Amino acid sequence: QVQLVESGGGLVQAGGSLRVSCAASGRPFSFYKMGWFRQAPGKEREFVARITQGGETQYYEDSVKARFYISRDNTKNTLYLQMNSLKPEDTAVYYCNFLSASDRPLEPWGKGTQVTVSS
């Protein structure tokens with residue numbers, strides 16, 4: 001049974017930092033590319049960042065480049081997202097997921113973790 005448990009969200013002031021984590025199980029973690037996504041109130045869920053199986057290559061959505069950093073620990077089946085210089089527009093529920101060969105997120109999704117950035 002696939003499980004994705006995101007944690008580490010919270011309330012932070014603009015300009016601050018936060019690290020969110022994702023504990024993944026039910027699939028061989030090191031075999032899969034992984035990604036972070038987010039959904040702001042009233043908006044569609046959108047891609048944030050992805051990372052290759054061994055962690056060698058990362059790709060970011062333009063608005064988070066040079067502020068967010070994705071990483072993984074394959075010994076712990078855990079994915080991370082370090083978020084720096086946070087802006088109010090980063091406020092959203094953040095989700096992680098396994099990715100297909102074509103970089104599409106797989107089902108199911110976890111519950112996500114809320115990140116709120118105050119101005």
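Before reading on, note that the structure itself is shown above.
Residues numbered from 1 in each chain as written. Predicted model: local features only at pLDDT ≥ 70, side-chain atom pairs only at ≥ 80, totals over all residues. Heavy atoms only, no water.

Enquirer: Give a detailed account of the environment of Ser30, specifying residues and quantitative values.
Expert: Residue placement: Ser30 occurs in the loop between strand S3 (18-25) and strand S4 (34-39). Ignoring sequence-local partners within four residues, the contact set of Ser30 consists of Gln53, Arg72 and Asn74. (Helix = DSSP H or I, 4+ residues; strand = E, 2+ residues; numbered from the N terminus. Contact = heavy atoms within 4.5 Å.)

Enquirer: A description of unusual backbone geometry should follow, citing residues and the corresponding values.
Expert: A cis geometry characterises the amide bond from Glu107 onward to Pro108, with omega recorded as 0°. Along the polypeptide, Pro108 turns up in the loop between strand S9 (92-98) and strand S10 (113-118). A positive phi is found at Ala66, a non-glycine position, where the angle reads about 70°. In this structure, Ala66 sits in the loop between strand S6 (58-60) and strand S7 (68-73). In this structure Ala66 comes out as exposed when scored by relative accessible area, which is 65%. (Buried < 20%, exposed > 50% of the residue type's maximum accessible area, 1.4 Å probe, protein only.)

Enquirer: Residues and numbers for the state of the cysteines, please.
Expert: Evaluation of the coordinates by the stated rule reveals one disulfide. Each disulfide pairs two cysteine sulfurs, and for Cys22 the partner residue is Cys96, the sulfurs being separated by 1.9 Å. Looking along the S-S bond of the Cys22-Cys96 disulfide, the torsion reads about 55°, which is the right-handed sense. With a gap of 74 residues between them, Cys22 in strand S3 and Cys96 in strand S9 connect regions that are remote in the sequence. (Disulfide = S-S within 2.5 Å.)

Enquirer: A description of the environment of Pro108 should follow, citing residues and the corresponding values.
Expert: You can call Pro108 partly exposed: its relative accessible area is 35%. Each C-alpha atom, one on Pro108 and one on Asn97, is 8.2 Å from the other, the two residues being 11 residues apart in sequence.

Enquirer: So what's going on with the sheet that holds S3? Which residues, and what values?
Expert: Read from one edge of the open sheet, four strands run S1-S3-S8-S7, paired in antiparallel fashion. Both outer strands of the open sheet, strand S1 (3-7) and S7, are each paired with one neighbouring strand and no more. On average, each strand axis in the sheet is inclined to that of its neighbour by 15°, with strand direction left out of account. Sheet analysis places S7 next to strand S8 (residues 78-83), joined by six bridges and oriented antiparallel. Counterpart to Ile70 in the pairing with S8 is Leu81. (Pairing = 2+ DSSP bridges. Axes fitted to C-alpha atoms, helices over the stretch in contact; angles between N-to-C directions.)

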